[in-house]
Amino acid sequence: MPNSHPSLPRFDLIQPGSLAEASQYLAAHSDEARPMLGGTDLLVRLRDGHLKLTTLLDLKRLPGMQDLHFDPQAGLTIGAGVAMNRVIAYEPVQTHYPLLAEAAQSVASYQLRNRATIVGNLCNASPAGDTCGAALVYQAKLQLYANGREKVLPLAEFFLAPGKTLLQPGEIVTGLQLPLPPAGQRARYLKLGRNTQSDLSIVGVAVMGYPDTGAASGFAFRIVLASVAPVPLVAVEAQTVLSQKPINEETIEAAARAASQACQPIDDVRASAEYRQQMAHALTRRALHEVWQQLQ
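Everything numeric in this text was worked out from a predicted model, so none of it was measured.

Thresholds, definitions, all that
- Residues numbered from 1 in each chain as written.
- Predicted model: local features only at pLDDT ≥ 70, side-chain atom pairs only at ≥ 80, totals over all residues.
- Heavy atoms only, no water.
- Helix = DSSP H or I, 4+ residues; strand = E, 2+ residues; numbered from the N terminus.
- Buried < 20%, exposed > 50% of the residue type's maximum accessible area, 1.4 Å probe, protein only.
- Contact = heavy atoms within 4.5 Å.
- Arc of directions from axis to C-beta.
- Axes fitted to C-alpha atoms, helices over the stretch in contact; angles between N-to-C directions.
- Parallel < 35°, antiparallel > 145°, perpendicular 65-115°, else oblique.
- Left-handed = near helix turned anticlockwise from the far one by under 90°.
- Nonpolar A, V, L, I, M, F, W, Y, C, P; charged D, E, K, R; others polar.
- Salt bridge = Lys/Arg side-chain N within 4 Å of Asp/Glu carboxyl O.
- Core = buried A, V, L, I, M, F, W, Y, C linked by side-chain atoms within 4.5 Å.
- Pairing = 2+ DSSP bridges.
- Lys, Arg positive; Asp, Glu negative; His and termini not counted.
- Polar contact = N/O pair within 3.5 Å; in protein donor to acceptor, adjacent residues only side chain to side chain.

Asker: Tell me about the environment of Tyr25, and please be specific about residues and values.
Answerer: Residue placement: Tyr25 occurs in helix H1 (residues 19-28). The class of Tyr25 is partly exposed, set by a relative accessible area of 24%. With 89 residues separating them along the chain, Tyr25 and Asn114 place their C-alpha atoms 28 Å apart. Leaving out residues up to four positions away in the same chain, Tyr25 has contacts with Ile14, Ala33, Thr55 and Leu57.

Okay, here's the thing in structure tokens:
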């Protein structure tokens, strides 16, 4: 009979003195070591036996990991160790990136968000990750470190499959960059769970709209869905519909239908694939209505 109350296995916790030291260790022990930021998902997976590790590297105190900075020209930088509640409360986030704050606010409980990080949520590569859609809508980029070198990777290229990313052994995500959002943008994150708070999304929809003189409709939209495909789903066809035709009830319905048809949901204990597809249609339509009303 399976143990209904498992406990954490024994492991070594290392606090490396530098990114170089951490990167070298992770490259040499890629099968048995992982970096840890908040640990809110990692420790649960260890406890439940989904991960078999001997070592965790606590990176929260390394230089730059707690940076949270907004520049009026460059945009927002979030260090990998910055807790979600700190991001939510940061005034420039509330002013310029309200969708990120709204999505992060929907993650679990206040207590958990005191440890959980935005970067950790992204690195989990869960199809249900709440902040993934918002970060993609804002066209975020990841700051990476490996072998003494730093590089920047568009988040849109990061996700490969559930739980899998482009990260190579020894590569460490040190932060997240969000450029300035388009002027006049309005956004909304809608999430359907089994309860009203603290649950994984059955379907999540992140929508942004903004004036765009280059679009036939005069507006551009960015739409990303969670929990309906192996990776966060950018609803490209739905975005195209909204840019090419005058925004009205029929156009919003066509865009919502296109977003739903692009989904590749699965059946699991939380919902059937059919239900997810129907709710993707309904939530996309509702989010588009709310954003369009704000734009007007």
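Asker: How would you explain the environment of Gly64 if you had to name every residue and give the values?
Answerer: Looking at the element boundaries, Gly64 is found in the loop between strand S3 (55-58) and strand S4 (68-71). Using a relative accessible area of 32% as the deciding quantity, one classes Gly64 as partly exposed. Note: C-alpha distance between Gly64 and Ala80 (16 residues apart in sequence) is 8.1 Å. With residues up to four places along the chain from it excluded, the contact list for Gly64 reads Gly79 and Thr174.

Asker: I'd like a description of H1, backed by residues and values.
Answerer: By the burial criterion, the buried members of H1 are Leu19, Ala22, Ser23 and Leu26. What you see down the axis of H1 is that its buried residues fit within an arc of 100 degrees, all on one side. With respect to the buried face of H1, the exposed residues turned more than 90 degrees away are Gln24 and Ala28.

Asker: Talk me through the packing of helix H9 (residues 236-244) against helix H10 (residues 249-261); I want residue IDs and the actual numbers.
Answerer: Interhelical geometry of H9 versus H10 gives an angle of 165 degrees and a closest axis separation of 7 Å. As judged from the angle between their axes, H9 and H10 are roughly antiparallel. Pair H9 / H10 crosses with right-handed handedness. On H10, the residues touching Glu237, Ala238, Val241 and Leu242 of H9 are Thr251, Ile252, Ala254, Ala255, Ala258 and Ala259. Residues of the contact of H9 with H10, tallied by class, amount to 8 nonpolar, 1 polar and 1 charged.

Asker: Residues and numbers for the pattern of salt bridges, please.
Answerer: On inspection of all chains with the given rule, the structure shows 12 salt bridges. In this structure, Asp130 engages Lys191 in a salt bridge whose closest nitrogen and oxygen atoms are separated by 3.0 Å. Remark: Lys191 occurs in strand S11 (residues 186-192) and Asp130 occurs in helix H8 (residues 130-137); sequence separation between them is 61 residues. A relative accessible area of 5% means that Asp130 is categorised as buried. Relative accessible area serves as the criterion here: at 26%, Lys191 is assigned to the partly exposed category. Between Arg188 and Glu290 there is a salt bridge, and its shortest N-O distance comes to 2.5 Å.

Asker: Outline the nonpolar core, supporting the account with residue identities and numerical values.
Answerer: With 56 residues, the main nonpolar core has Leu76, Ile78, Leu100, Leu122, Leu155, Leu176 and Leu178 as its most contacted residues. Membership of the second largest hydrophobic core comes to 32 residues, among which are Leu192, Ile202, Ala229 and Leu288.

Asker: Explain the environment of Arg285 to me, and be specific about the residues and the numbers.
Answerer: Note that Arg285 resides in helix H11 (residues 273-295). On the accessibility criterion, Arg285 (28% relative accessible area) is partly exposed. As for Arg285 and Ser217, which are separated by 68 residues in sequence, their C-alpha atoms are 17 Å apart. Those residues in contact with Arg285 that sit more than four places away from it in its chain are Ile252, Glu253 and Ala256.

Asker: Explain the sheet that holds strand S10 (residues 172-178) to me, using residue names and the numbers behind them.
Answerer: With antiparallel pairing, 5 strands are arranged side by side in an open sheet as S4-S5-S10-S6-S7. Both edges of this open sheet fall to S4 and strand S7 (149-154), since each of them pairs with a single strand only. The average angle at which neighbouring strand axes cross in this sheet is 20 degrees, direction not considered. Sheet topology places strand S5 (residues 75-79) next to S10; 4 bridges connect them, and they run antiparallel. The residue bridging Leu76 from the neighbouring strand is Leu178, located in S10. Relative to S10, H1 is tilted by about 120 degrees, and along the sheet it contacts strand S6 (141-146) and S10.

Asker: Describe in detail the side chain of Arg113, supporting the description with residues and values.
Answerer: Note that Arg113 resides in helix H6 (residues 110-113). Despite its burial, Arg113 remains without a salt bridge, the nearest opposite charge being carried by Asp130 at 8.7 Å. Here the side chain of Arg113 touches Asn85 through a polar contact of 3.2 Å, side chain to side chain. Apart from the residues within four sequence positions on either side, Arg113 is in contact with Ala83, Met84, Asn85, Ile88, Ala104, Gln105, Val107 and Ala108.

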